[in-house]
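Spelled out from the first residue to the last, the chains are:
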Amino acid sequence: MLRSRREQRKELIRELVAARAVCSQTELVSLLAQHGVEATQATVSRDLDELGIAKVRAADGRLMYAVPETGGLGQLLRQFALGIAASGNLAVVRTPPGAAGTVASAIDAAALPGVLATVQGDDTLLVVAEEDRTGRQVADLLATVKDGEVAAGREPRPRSQPGQGPAHD
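Quick look at the structure, then. Keep in mind it's a predicted model, so treat the numbers as computed, not measured. (Residues numbered from 1 in each chain as written. Predicted model: local features only at pLDDT ≥ 70, side-chain atom pairs only at ≥ 80, totals over all residues. Heavy atoms only, no water.)

Moving on, we get to the environment of Leu 76. The topology assignment puts Leu 76 in helix H4 (residues 73-80). For Leu 76 and Thr 102, which are 26 residues apart along the polypeptide, the C-alpha to C-alpha distance reads 8.1 Å. With near-sequence residues (within four places) excluded, Leu 76 lies in contact with Ala 81, Thr 102, Val 103 and Ala 106. (Helix = DSSP H or I, 4+ residues; strand = E, 2+ residues; numbered from the N terminus. Contact = heavy atoms within 4.5 Å.)

Here you go:
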């Protein structure tokens, strides 16, 4: 089934916003043009509204567009995770004030392997590892999802930490 130009444009907008830090409609019009799609700012504005894409404050403080989607954990981590660390059976994720709950809900919804639960405050959340996992393994998984290397729900490659050599299971 062929999709209309409008549907194709909206899908491209969704992909661009999910993959990049898009801060303005003018920037989005330019990105669309780079992909061979001509659109006016008014058209882009309507498309953003229909897609439910709105501006949110990112981890670096800039306002940028975000795609509201199930399974958007990688995008949320890229936008809001200021840091990911580990201690014992916990991964600790730091966020801007007010963003910890959003990230925790996305982690819970993603049903990541090895994650038992999340507990969040205003700007920090704890991700509790299951009995057979370490906080380092969970932190590595979150970092891998943030980097877009794996989809939520799949196991990551082990990461090495500076001064620690290769990671081991």
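Attention shifts here to unusual backbone geometry. Residues other than glycine seldom take positive phi values, yet Ala 111 does so here, at roughly 50°. Considering the arrangement of structural elements, one finds Ala 111 in the loop between helix H5 (100-110) and strand E5 (115-120).

Within a regular beta strand, the side chains point alternately toward one face of the sheet and then the other, so they alternate between its two faces. Pairing of strand E3 (residues 83-87) with strand E4 (residues 90-94), which is carried by five bridges, proceeds in the antiparallel orientation. The partner of Ala 86 across the bridge, within E4, is Ala 91. Between E3 and E4, which pair antiparallel and follow one another directly, the connecting turn spans two residues, one of which, Gly 88, has a positive phi of 60°. Two elements, E4 and strand E6 (residues 124-129), share five bridges in a ladder whose sense is antiparallel. Bridging from a neighbouring strand, Val 93 pairs with Leu 125 of E6. (Pairing = 2+ DSSP bridges.)

This part covers the nonpolar core. Counting 24 residues, the largest nonpolar core has Leu 73, Ile 107, Leu 112, Leu 125, Val 127 and Leu 142 as its most contacted members. A per-element tally of this core places H5 first, with six residues. Residues within four places of Leu 125 in sequence aside, it is in contact with Ala 91, Val 92, Val 93, Thr 95, Ala 100, Val 103, Ala 104, Ile 107, Thr 118, Val 119 and Gln 120. Judged by nonpolar contacts, the second largest core, of 15 residues, contains Ile 13, Leu 16, Tyr 65 and Val 67. (Core = buried A, V, L, I, M, F, W, Y, C linked by side-chain atoms within 4.5 Å. Buried < 20%, exposed > 50% of the residue type's maximum accessible area, 1.4 Å probe, protein only.)

Now for the packing of helix H2 (residues 25-34) against helix H3 (residues 41-51). With their axes 9 Å apart at the nearest point, H2 and H3 run at an angle of 100° to one another. In this view, H2 runs roughly perpendicular relative to H3, as classed from their interaxial angle. Of H3, the residues touching H2 (which contributes Gln 25, Leu 28, Val 29 and Leu 32) are Gln 41, Val 44, Ser 45 and Leu 48. In terms of residue class, the contact of H2 with H3 is built from five nonpolar, three polar and no charged. (Axes fitted to C-alpha atoms, helices over the stretch in contact; angles between N-to-C directions. Parallel < 35°, antiparallel > 145°, perpendicular 65-115°, else oblique. Nonpolar A, V, L, I, M, F, W, Y, C, P; charged D, E, K, R; others polar.)

Let's shift gears to the pattern of salt bridges. If you walk through the whole model with that rule in mind, you get four salt bridges. Taking the shortest distance from any N to any O, the salt bridge between Arg 9 and Asp 47 comes out at 2.5 Å. Of this pair, Arg 9 sits in helix H1 (residues 5-19) while Asp 47 sits in helix H3, and the two are 38 residues apart along the sequence. As far as burial versus exposure is concerned, Arg 9 and Asp 47 are alike and both buried. Put simply, Lys 10 and Glu 50 hold a salt bridge, and the shortest N to O gap is 2.8 Å. Here Lys 10, found in helix H1, pairs with Glu 50, found in helix H3; they are 40 residues apart in sequence, far enough to count as distant. Judged by its relative accessible area of 16%, Lys 10 falls in the buried class. On the basis of relative accessibility, which here comes to 43%, the residue Glu 50 falls in the partly exposed class. (Salt bridge = Lys/Arg side-chain N within 4 Å of Asp/Glu carboxyl O.)

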